[in-house]
Amino acid sequence: MRNLNLWQVSVKNIDIQTEEKFSSCYGHYDDCAKGELYVCTSNLSVFNFDDNGVVKWTADLSEIVPIQTRPVNISFLSLSNSLNVGLASGELITVADFGKNCDVVGVCEDGLLAMEWSPDQEILILVTKTLKVIVMSCTFDPISETYLLSDEFGEKEFINVGWGKKETQFHGSEGKQAAKAKTSDIEDAPVTDERVKISWRGDGNLFGVGYNANGRRKFKVFDRDGNLQSTSENVLGLESNLSWRPSGSLIAATQKLQEKYTVSFFEKNGLKHREFTLPVNSTTTVKELLWTTDSEILIVQCRDEAANLDIVFLYTRRNYYWYLKQTLCFKSTQKINEIICESDFDTANEKRIHVLCQNGECYSYAWNWDVDHSVGKSYDDDAVVAEIDEKKVLVTGFRQTVVPPPMSNIELEFANNINSIHFISDNTTDSNSFIVSHGNKLAIVEQKQKKPLEYVVTKELDIDEYQYPFQHYNWYWLNNDTLLSMSVDGQNVYTLNQYVINSDKLLLKRGTKLPSPIAKIRKHPTDLYSAVLQYTSGEIAVYKYDDKGASLESYHDTLPAACPDFDVVSIDGETTIIGLSHKGCLYINKKLVLNNVNSYYVHTQYLLITTLKHLLICVELSKFGISDLEAYERNETSSSVYKRKVERGSKLVIAVPNDTRTIFQMPRGNLETIQPRPLSLKIIGDYLDSLKYYEAFDLMRKQRINLNLIYDHNPKIFLSNVDVFLETISNNSWLSLFLADLENIDVTKTMYSSSYSDKEHNTFTYESSKVSSICNVIRTHLQKSENSSERILPLLTTYVKKNTIEDLEQALQVIKDLKVKESEGVKLPVSSDEALKYLLYLVNVDNLFDVALGMYDFDLVLLVANKSQKDPKEYIPMLNELNEMDENYRQFNINKHLKRFKKAVECLAKCGKSRHTDLRTFVKYHSLYREALTLFSSGDEIFKEISDDYGSYLKLKKQYVEAGLVYEKAGSTDRAIECYKEALEWELLFKLAKNKSRDVLDTIISELVQSLKDEKRYTEALSILEQYGSNVEETIKCAIECSKYKTAMRLCARHDKDDIIDTHLIPNLLEEYTNTKDLVDKNRSLFVQYKNRLQVVRDNKTKKEAEGYDTFTNRDIDLYSDAGSTIASSSGSGRSYRSSKNRRKHERKVASLKEGSQYEDTALVMTLHTLVTSTFELRPQVQELIITLCCCNREKEAGLLQANLETLLKEMEDSFKQIWTHELVMEATNAKIAAENVPEGVSVVPQGMASLAPHMRIAPVIQNIKWKLEDLY
C-alpha cells in the first residue's frame, strides 16, 4: 500500500569536456562525509567531483597508455582509497593520492569486454575479448580462468532419471507415432549485441556473466572462486541486460518478443521463474537494469529512439505483483549516460539514485516510502488509501471493507504515468479528496459516493512544463483553494511555491526562497493559514501567509535527525512534532522517546507504534500518554502502556478514524486487520458517556470486552440512567448476558487500568456488594416497567446472580406465579415452562430441587423434578414419606435432609416434649447446643439437660471457663466451681463458694494455691491465702517460699510471728543471695569469653577476605552455580528444606557455638544478646534482695551483690558498639532481604546472618530503672 515519494531532488552540472559515453562511479574517502563522483571519459581523462559538482582533482591516463582505447569500467576501492580503471585494451590502472599516482597494475593481452568488483571488493572479475572469465584477488593475483563458450553446464547440472519423457506418456488419439515425433527448438533471430554483463549477488558468493553464444544470449553463474555452477536455459529474445537482485533470490534480465517486452526473472540454476511486461512501444529498448542496494526497487532504463527520449521506470513488488511506482522522462538533450544507486548507510532510507547525462547534467533523486491516505479525524473520513501503479490509482476505503492488494475498491486510470498522490488536509470538511500528479497535469479527484465507493475527476489543472523530471515536487493540498509545492532550478535553488486553484487554472500566487530543501510539509494543527515544514536536516520552520504576503519562521524545536515519517498534532492544546527517523528513532519535539520503531500512525486520540520487536504499542495522545511512553522506554515491563504482539515485520498502513480497525501490511504485501483494545475502550467510553448503550454493548460483544465496564466506566451515570439502559437493551438475551457477567471487581482498576489511569473513581456506599446492588436496581425497574411480563428471564437472572437461597426461592416463586396465571387461562409472553428451563440452565438442577424442597412446597418440587433428568424412583417415595408426617416434624426432616441443621433444630423444638429425646440426640450429634438453648427458658427441664451436655462438651475441649458459665446459668454450682478451679479463675470460684463449709473451703484453697504456684502465679496465691485462708504461718511460709520477703516481714509483724524470721526467712534469703551472686559471676565469665571469641572469628573472616580466598575451591568457583556455592558464608541468605526435621537440624546448626563452625559468629551474636538481656532483667530481683538483706542487717552481702551486678552491667554497656557494629547491622539486613527475594511458592529457611531476628541485629534496648541503694558500700 506504499508509494515511492520524493524526499529530495538536487541538480548539478559537471564539466567533463566530452560528448561521448563515459564511465562513472560513486565512492567515499575516509575523511569524506558524502559520496563523490568519479568519471573517466573516452579520452582517458579522470575527474573527481565533490557533492556540489566542483572538480577536486584530475588525472590523464593517456600519458601511461599510449594506444587509443576506452574505459570499460571504473570502481572506487574504499579499502585502499584508490580508483581502479579497466581499459578495453586490457590495462588495469590504479589512481591513488588524489590523482597524483597512476600505476598500471596488470594487463590482459586479449583486451577487456567487462570488469566488475565484488561487493566486498575482495574479488575482481574480468571478461576478455576471447570470452575468457578471469577471477583475480584484490591484489590482482589470478585465481582461476574459465571460457564462457564451453559446453559445460556447471556443477549444479540437473540429474535426469527419465521421468516425464515423451516416450513414456499417453498420447490419446495421436497414437504411438506421437511418442516418436521429434521436437524442434523454436528458432530465434540471431543476436548482434556482443556486450558482456557481469552482475554480483549481494553477499559476494556468486556472480553471473551474460554473453552472446553464437547469436543467442545466455548467462552463466559462477562462485567467487570462478567455478561454473549453472548455465541459463535457452530463452527467446533474451537481451544483454543482466542484474542480480542483492538479496540473492532472483536474476533480472529482459526479453524482447514480437508481442511484448518483458523483464524476466531467473533462479540461480538458470531456470526462468516469472516475468512482467513493460509498458513500452516497439521503438523502445531497455538499456540497463539495476537494483537498489536493499533489493526493494528495480530500476529499468529505456530509450525511445523514435521520440528521442530516455525513460526510467521504478518498479517494486508486493504479493508477487510488480507495481510501476515512478516514471522519469528525460528530454532528447538529456541523454542518460549512466544511473548510479548510492549505497551509503546514512542515505539508505532515501534510496538515492544519480542520473548522469552525457551533457554533464547530474540529477540526484532521493526516495522514501509513504502511505498516501486521507488524514481526516471525523466519522466522515473513509480511511482512504491510494496506491500508484503505472497510470492507475488503486483506491481502497478501509472504513467500508478491507481489500488485499494488488486488488482495490476501485481503479482510476489517467492519461499519463502517475507521479504522486496528495490528499487534502483535514482543514476541510471533505477529507477524502486528493490530487493526482501525472505528466504536466494535476487532477483533482473527489468522492462521489461512499457505498459503493466511487470517485470522479472534477478538475484537471495544467502545470508549467518541467525542464527535467520532478522539477516541481512535494505537493501539499493545504485547503480547498491552496496548494504548496517545492521546486528546484538548475542552480540548486529551492523555492516554496504557493498556488491558488481558480476554476480550471492553477495560478502561482507567490514563491518563497528556501535556505535548504524541504522534505515534508504538514498543516498547522491550530492555525488554518500556516504550514509546518521539515528541512532535510531535521530543522522545523513555519510558513504563514495571508492576503498581504507570506513569511517563513524558525520553529523553537528541531528534530535531532531527518524524519521521513513526520506529523504535527495538537496534544493538550500544545503543538507537538512527531517524527520517525530511518534508523527507527521516534522523536516527539526534540526528545527521543522510543527506539527500534519501524512505523507509527496518529489515530484520532491515540498514537499507534510498531517496533522491531514485533510489538504494537498504543498510547493516548496526551501528556500522560507521552510520559507513559517515556517510562516504557526506560522499563519495558511498565503496565501503563498497552502492547500486543504482531507478525514479524508488520507496518501500520492506516487506522480508521473514530473506529477500532487498524490495518497492517506484512513484508510480503498482504494486509491484516486488528482492533487494539485501547481504541475499542475509548470508543466504548464515548458511547457510554452519550448513553448509546446499544452501540457500546454491540461492540463489547464483538470485541469480547468484559461487560462490567458498562457500570464501572461511570457508576453514577449508569445508576442514574438505568431506565435508558433497559429501554435501549431490549434484547432479553443481551440483558441476561450483562447480568450474568457481573463481578464484584472494578475492571477500570484491573484489566483495563491502562486506559483509565487518570480516572477519578467515585465511591458509592451500598447495603451490599456491587453485584447485589445492580441486580436490586435492575429488578426494581423491571418490575415497575410496563413490559415486565416480557422480561421474566432477565428478572430471574437478577435473582440467580445474587446466588443466595432466599433469592433462588424468590425466583421459584416467580415461576410458581406464572404457573398459577397459566392455570387461570392467562396467555403470557414467557411461559412457566420456558422460565423454568432457563432457570435450570443457570442453576444446577439438584440445587434447584433442594431449594424447592426447602420451601416446603411439594407442587413446586414436582414441577422442578419433572423438568430435570431425575429418576422418579429417587424422589417420589421420599415425598410420600414426608407427606405422612406432622408439619413440624416434616419440616425437620426436610431441613435435616438439606443439612440446614439450625432450622432443623427450630422445627424439632416445635414438636413438643415427645421429641425432646430426639432433640438432645440431634443437638449432641451436630454440636448445636447454643442454638438449642436459645429456644428454651432457663427454667425448662430440657434447658438444664442440654446445658449439662453443653458443659461436658466444653470440658472435653478444655474450655473450662465457658463450661463454668454454662453450668452456672443452669444452676449446677458444684460443676461450675470445678470448672473455675480447673481454669484457675479464683475470683469466679469464690463468688460461688461463699456458702461452702470451712473444711470444704480449705480444701479448695489448698488445691487452688498449689496450682497457682505450679504456674508461678505467686502473687495470686498469696492473695488467696491472705484473703480466704485460716492458717497465718502457712501464709508467711508461702510468702518466703515465693521470695516475697517484704510481704513475709509485713505478715510477721502483723501477726506477731517474729520467730519465723530467724527460722525460715533469713536462711532462705542467704541461700537466694548466694545463688544470685553465683549467677552474676557466671554471666560475667561467659560474656567475656563470648565477646573475645567473636572478635577472633571476625578477625579471621577479615583476613580471609583480604587474602581473596585463594584456595582450590575459589580457583574453580566459576564451575559452580550461584545457588550451590562451595564456599561457606555466614551471611548466606536462605535455603529451602523439604522436611521439618531438616529445618530444625539447620536451626540447631546455626545456633551452634562450636569453634570453627560455619555460623559461629551468628551463634555468638545471638547468645550475647540473650545473655545481656537476661542480666539486665536481674535488676528488679536484685533490688528486692538487697533491700531485704539490709533489713536483716546483712549490709555487707547486699553491698557486694550490688557492686558485682553494677560492674557487669557497665562492662556490657561499654561493649555494645564493639559487638553490634554497623557492618553487622548492614550484613544481617542485606542477608535477610536476599532471603526474602525468592520465587513465589518456594519455602526458604533463612540461614546465617539472615536468621537473626530484627531485635538481635542491634544492641539490646535497655530501659533505665532505679534499682541501686545509694551509699550502700
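Residues numbered from 1 in each chain as written. Predicted model: local features only at pLDDT ≥ 70, side-chain atom pairs only at ≥ 80, totals over all residues. Heavy atoms only, no water.

1. Quick look at the overall build of the chain
Piece 1. Looking only at helices and strands, the chain features 35 helices and 56 strands.
Piece 2. Its C-alpha atoms put the chain at 150 × 100 × 90 Å along the principal axes.
Piece 3. By residue count, 49% of the 1273 residues in the chain fall in the buried class.
Piece 4. Counted over contacts in the chain with a minimum sequence separation of 6, partners at least 24 positions apart contribute 51%.
Piece 5. Split by element, the accessible area of the chain, about 62,600 Å² in all, is 47% carbon and sulfur.
Piece 6. Here the chain carries 152 positive and 181 negative side-chain charges, and the mean point of each set is 5 Å from the other. (Helix = DSSP H or I, 4+ residues; strand = E, 2+ residues; numbered from the N terminus. Buried < 20%, exposed > 50% of the residue type's maximum accessible area, 1.4 Å probe, protein only. Contact = heavy atoms within 4.5 Å. Areas by Shrake-Rupley, 256 points an atom, 1.4 Å probe, with all protein chains shown as cover. Lys, Arg positive; Asp, Glu negative; His and termini not counted. Charge placed at Lys NZ, Arg CZ, Asp CG, Glu CD.)

2. Considering the sheet that holds strand β36 (residues 472–479)
Piece 1. Pairing is antiparallel in the open sheet, where four strands are placed in the order β36-β37-β38-β39. Sheet topology places β36 and β39 (505–513) at the edges, where each strand pairs with a single neighbour. Recorded for the sheet is a direction-independent mean angle of 25° between the axes of neighbouring strands.
Piece 2. Direction of pairing for strand β37 (residues 482–488) relative to strand β38 (residues 494–502): antiparallel, over a ladder of seven bridges. For Met 486, the partnering residue across the bridge sits in β38 and is Leu 496. (Pairing = 2+ DSSP bridges. Axes fitted to C-alpha atoms, helices over the stretch in contact; angles between N-to-C directions.)

3. Topic: the sheet that holds strand β5 (residues 55–60)
Piece 1. Taken together, four strands build an open sheet; the order of strands is β2-β3-β4-β5 and the sheet is antiparallel. Two strands bound the open sheet, and with one partner strand each, they are β2 (23–27) and β5. Between one strand axis and the next, the sheet turns by 15° as a mean value, whatever way the strands run.
Piece 2. As judged from the five bridges shared by strand β4 (residues 45–49) and β5, these two strands associate in the antiparallel manner. Residue Val 46 lies in a different strand from β5, and its bridge partner there is Ala 59.

4. Let's talk about the state of the cysteines
Here a disulfide denotes one covalent bond, and it connects the sulfur atoms of two cysteines.
Piece 1. A complete count under the given rule lists zero disulfides for this structure.
Piece 2. Cysteine Cys 907 shares no disulfide, and the gap to the nearest cysteine sulfur, in Cys 911, comes to 7.5 Å.
Piece 3. Note on Cys 907: relative accessible area 6%, which makes it buried. (Disulfide = S-S within 2.5 Å.)

5. Some remarks on a nonpolar patch on the surface
Piece 1. The grouping of Ile 64, Val 104 and Val 107 at the surface amounts to a nonpolar patch, some 220 Å² of accessible area in total.
Piece 2. Note on placement: Val 107 falls in strand β9 (residues 101–107).
Piece 3. Judged by relative accessible area, Val 107 falls into the exposed class, the value being 53%. (Patch = residues over 30% accessible without salt bridge, like charges linked within 9 Å, V, L, I, M, F, W, Y side chains within 5 Å. Salt bridge = Lys/Arg side-chain N within 4 Å of Asp/Glu carboxyl O.)

6. Points about the nonpolar core
Piece 1. Core analysis: the largest hydrophobic core is formed by 164 residues, its most contacted members being Ile 710, Phe 738 and Leu 1065.
Piece 2. The contact partners of Leu 1065, leaving out residues within four places of it in the chain, are Ile 1040, Tyr 1045, Ala 1048, Met 1049, Ile 1060, Thr 1188 and Cys 1192.
Piece 3. Residues Val 9, Ile 353, Val 355 and Cys 357 belong to the second largest nonpolar core, which totals 40 residues. (Core = buried A, V, L, I, M, F, W, Y, C linked by side-chain atoms within 4.5 Å.)

7. Some points on the pairing of β9
Looking down a regular strand, the side chains alternate between one sheet face and the other.
Piece 1. As paired elements, strand β8 (residues 91–96) and β9 share six bridges and run antiparallel to each other. Its bridge partner being in β9, Ala 96 is matched across the sheet by Asn 101.

8. Remarks on the pattern of salt bridges
Piece 1. Under the definition given, this model contains 45 salt bridges.
Piece 2. A salt bridge links Lys 197 to Glu 288, with the nearest nitrogen and oxygen atoms 3.5 Å apart. A residue pair is termed long-range when its members are at least 10 positions apart, and Lys 197 in strand β14 (residues 197–200) and Glu 288 in strand β22 (residues 284–291) qualify at 91 residues.
Piece 3. Residue classification places Lys 197 among the buried residues on the basis of a relative accessible area of 14%.
Piece 4. The salt bridge involving Asp 203 is made with Arg 201; its shortest N-O contact spans 2.9 Å.
Piece 5. The exposure class assigned to Asp 203 is partly exposed, which follows from its relative accessible area of 40%.
Piece 6. Overlapping salt bridges bring together Lys 260, Lys 272 and Glu 275 as one network.

9. Some points on helix α18 (residues 916–926)
Piece 1. Residues of α18 that are buried: His 916, Leu 919, Phe 922 and Val 923. Looking down the long axis of α18, one finds its buried residues gathered within 120° of arc, a one-sided arrangement. Facing away from the buried surface of α18 by more than 90 degrees, the exposed residues are Thr 917, Thr 921 and Tyr 925.
Piece 2. As for α18, its buried residues are in contact with α16 (887–897), α17 (901–909), α19 (929–933) and α20 (941–956).
Piece 3. After α18 finishes, the residue Ser 927 shows a positive phi value of roughly 55°. (Arc of directions from axis to C-beta.)

10. Quick word on helix α12 (residues 832–842)
Residues separated by three or four positions in an α-helix point in the same direction, a consequence of the helix having 3.6 residues per turn.
Piece 1. Of the positions making up α12, those classed as buried are Ser 832, Ala 835, Leu 836, Tyr 838, Leu 839 and Leu 840.
Piece 2. Looking at the packing, one finds that the buried side of α12 touches α8 (732–740), α10 (792–802), α11 (805–823), α13 (845–854) and α14 (858–866).

11. Observations concerning the packing of aromatic side chains
Each aromatic ring pair is specified by the distance between its two centres and by the angle formed by the two planes.
Piece 1. According to the stated counting rule, one finds 39 aromatic pairs in the structure shown.
Piece 2. Measuring from centroid to centroid gives 4.8 Å for Tyr 321 and Tyr 323, while their planes differ by 80°, and the two rings are edge-to-face.
Piece 3. Its guanidinium or amino end placed over the ring of Tyr 323, Lys 325 lies 4.6 Å from that ring's centre, counting from NZ or CZ.
Piece 4. Directly above the aromatic system of Tyr 889 lies the positively charged group of Arg 915, at a separation of 3.9 Å from the ring centroid. (Phe/Tyr/Trp six-rings, centres within 6.5 Å; stacked < 30°, edge-to-face > 60°. Lys NZ or Arg CZ within 6 Å of the ring centre and 35° of its normal.)

12. A look at the pairing of strand β24 (residues 309–318)
Piece 1. Among the 10 residues in β24, eight count as buried, and that is most of the element.
Piece 2. Pairing of strand β23 (residues 298–304) with β24 involves seven bridges; the strand directions are antiparallel. Each bridged residue has a counterpart across the sheet, and for Val 300 the counterpart in β24 is Phe 313.
Piece 3. Hairpin remark: β23 followed by β24, antiparallel, with four residues in the connecting loop; positive phi at Asn 308, about 55°.
Piece 4. The pairing of β24 with strand β25 (residues 321–330) spans nine bridges and is classified as antiparallel. When the sheet's bridge partners are listed, Asp 310 is paired in β25 with Phe 330.

13. Digging into the environment of Met 751
Piece 1. With respect to the secondary-structure elements, Met 751 resides in the loop between α8 and α9 (770–784).
Piece 2. Placed 423 residues apart in sequence, Met 751 and Leu 328 show a C-alpha to C-alpha distance of 54 Å.

14. Section: the environment of Gln 471
Piece 1. Positionally, Gln 471 belongs in the loop between β35 (454–462) and β36.
Piece 2. A C-alpha to C-alpha distance of 9.9 Å links Gln 471 and Tyr 494, two positions 23 residues apart in sequence.
Piece 3. Here Gln 471 is in contact with Glu 465, Tyr 466, Met 486, Ser 487, Val 488 and Asp 489, once residues within four sequence places are set aside.
Piece 4. For Gln 471, the side chain forms a polar contact with the main-chain nitrogen of Gln 467, separated by 2.9 Å. (Polar contact = N/O pair within 3.5 Å; in protein donor to acceptor, adjacent residues only side chain to side chain.)

15. Some remarks on the confidence of the model for the chain
Piece 1. On average, the chain scores 84 in pLDDT, and the residues at 70 or more come to 90%.
Piece 2. Confidence drops under pLDDT 50 across residues 1109–1130; counting only partners more than four residues distant or on other chains, this segment forms 22 contacts.
Piece 3. Across residues 1132–1138, where pLDDT falls below 50, the model places 28 contacts with residues more than four positions away in sequence or in other chains. (pLDDT = per-residue confidence, 0-100.)

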